Structures are given as structure tokens and as C-alpha cells.
Amino acid sequence: MLRVKPLAFDSFGVRSMATFVETEDLKVLIDPGVSLAPNRYSLPPHPVEEQRMSETWADIKEHPSRSDVLVVTHYHYDHYDPEEPEIYKGKIVYLKHPKELINKSQEKRASYFLDKLTGIPKSIDIADAKEFEHGSTSIKFSHPVYHGTNPKLGYVVEVSISCGGEKLVFTSDVEGPSVAQR
Ligand SMILES: [Zn+2]
């Protein structure tokens, strides 16, 4: 059994890919963050967008208490929020490597986030290219792959969660199959 609940996505009116996954053994919250597009043509986000952001963030924040594992695939603010580290309290946390295969801006953000997380989660593991078993559930992370078609925006890790013959692949911000497999 694998249940997948999208919590916030672009089609919900926000920038996010926050996803809650439930298996027989485990509950996993992937990329708990939400943001809006910055000003466009010097116009700020519409009040309806602001409202959607606060609604979806409230919904996301209801899920850590029911989760065993929290995952952050990269350090863009639509995938995590460094200012609310308490949602990681007592959780098993799998993070994109904060120093390797990362661009400068995300490296800085990762370092800030790790400082904020100090002492809060149950454990923190680097996710890149690793596999973790929880009962009959397996969480497997890809090698870091480009965010887009080149390393300008940095790298992300993709996540697969499998249990009982079913599998979810969460690609994060790869922006499509645009680069040959390495
Ligand atoms: Zn991103």
C-alpha cells in the first residue's frame, strides 16, 4: 500500500511540491515548503496568491506531527522553510548534501538551515545516492542531478519510495528529462 497526498503544488496556486506519502511502515513528508513567484513586471503577488500560500503552508504544517521522516531535496524556499525548524522536531531527516554538488547560494542556505536545525531532529542523514530501509519500505535517493539543464541553479536529489510492489518517484525540480543519464 502506498498512499500519496499532494499538499501544495503550482496547480494549487503556489510554488511547492510538498507531498505526504504513507506506506505500511512509514509516513514521509517530502519538501515541506511553499513560496510565491517574486514580483513580475514590478507587480507583487495577488492577495489571492498570498491567501493560497498561507492556506497551503498551514496544511503542510499539520503533517510533520504524523510523519516519521522529513525530506529536503534542495535548498529553494518552495521546498523548505529555514525559519520554522521546529517542524523537524524528533523526526528522521534526509537532506540534500549541503556542501557537495551544490551551487553557492544553496550552499549558503544549507549552512544556515543546518545551524537552525541543531538539536531539533531525531537524526539528520545526507541523502545523496543513499538508500534507507524502514521495515518493508525503501527510500532511495538519486545522485544529485541538475536543477534544470545545467548546474546554474544547483542540483537536486530525486526520491523514490517503494513498498509492497508499488513505487513513487519524486523527481523534485529536474524540469523534465532534458539531460542524458550520467
Ligand atoms: Zn528548486
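Values in this document were obtained by computation on a predicted structure and should not be read as measured data.

### Here's the deal with the overall build of the protein chain
Consideration 1: A tally of helices and strands in the protein chain yields two helices and 12 strands.
Consideration 2: Starting at the N terminus and ending at the C terminus, the protein chain contains elements arranged as β-β-β-α-β-β-α-β-β-β-β-β-β-β.
Consideration 3: For a compact globule of 182 residues, the expected C-alpha radius of gyration is about 16 Å, and the protein chain comes in at 16 Å, within 12% of that figure.
Consideration 4: For the protein chain, the spread of C-alpha atoms along the principal axes amounts to about 50 × 35 × 35 Å.
Consideration 5: Within the span of the protein chain, comprising 182 residues, buried residues form 36% of the whole.
Consideration 6: Contacts spanning at least 24 positions in sequence make up 60% of the contacts within the protein chain whose residues lie at least 6 apart.

### What about the sheet that holds strand S11 (residues 159–163)?
Consideration 1: Strand order in the open sheet formed by four strands is S7-S8-S11-S12, with antiparallel pairing between adjacent strands. Because the sheet does not close on itself, it has two edges, and the strands there are strand S7 (131–134) and strand S12 (166–170). Within the sheet, the average angular offset between the axes of one strand and its neighbour, ignoring direction, is 15°.
Consideration 2: Examined bridge by bridge, strand S8 (residues 137–141) and S11 share four bridges and lie antiparallel to one another. Bridge pairing in S11 links Ser-138 to Ser-162.

### With respect to helix H1 (residues 47–61)
Consideration 1: Taking 1.5 Å as the rise per residue, H1 with 15 residues should run 21 Å; its terminal C-alpha atoms sit 21 Å apart, in good agreement.
Consideration 2: What H1 keeps buried is the set Met-53, Thr-56, Trp-57 and Ile-60. The buried residues of H1 occupy an angular sector of 105° when the element is viewed end-on, so they sit on one face. In H1, the exposed positions that point more than 90 degrees away from the buried face belong to Pro-47, Val-48, Gln-51, Ser-54 and Ala-58.
Consideration 3: As for H1, its buried residues are in contact with strand S1 (3–9) and strand S2 (17–22).

### Overview of unusual backbone geometry
Consideration 1: Positioned with a positive phi, Asp-31 is a non-glycine residue whose angle comes to about 55°.
Consideration 2: Structurally, the position occupied by Asp-31 is in the loop between strand S3 (27–30) and H1.
Consideration 3: Residue Asp-31 is classed as buried on the basis of its C-beta count, with 26 C-beta atoms lying within 10 Å.

### Digging into the sheet that holds S1
Consideration 1: Pairing is mixed in the open sheet, where six strands are placed in the order S1-S2-S3-S4-S5-S6. On the outer flanks of this sheet lie S1 and strand S6 (123–126), each paired with one strand and no other. Across the sheet, the axes of successive neighbouring strands diverge by a mean angle of 15°, strand direction being ignored.
Consideration 2: Both S1 and S2 contribute to a ladder of six bridges, which runs antiparallel. Note that in S2 the partner of Arg-3 across the bridge is Glu-22.
Consideration 3: The strands touched by H1 are S1 and S2; relative to S1, the strand with the most contacts, the crossing angle is about 145°.

### Considering the pairing of strand S5 (residues 92–95)
Consideration 1: The sheet contact formed by strand S4 (residues 69–72) and S5 spans four bridges and is parallel. Following the sheet pairing, Val-71 is matched in S5 by Tyr-94.
Consideration 2: When S5 meets S6, the two strands line up parallel, connected through four bridges. Bridged to Leu-95 within S6 is Ile-126.

Reading the values: rules and limits
Residues numbered from 1 in each chain as written. Predicted model: local features only at pLDDT ≥ 70, side-chain atom pairs only at ≥ 80, totals over all residues. Helix = DSSP H or I, 4+ residues; strand = E, 2+ residues; numbered from the N terminus. Rg over C-alpha atoms; globule rule 2.2 N^0.38 Å. Buried ≥ 20, exposed ≤ 12 C-beta atoms within 10 Å, placed from the backbone. Contact = placed C-beta atoms within 7 Å. Pairing = 2+ DSSP bridges. Axes fitted to C-alpha atoms, helices over the stretch in contact; angles between N-to-C directions. Expected span 1.5 Å × (residues − 1). Arc of directions from axis to C-beta.

Taken by themselves, the reported measurements are silent on function.
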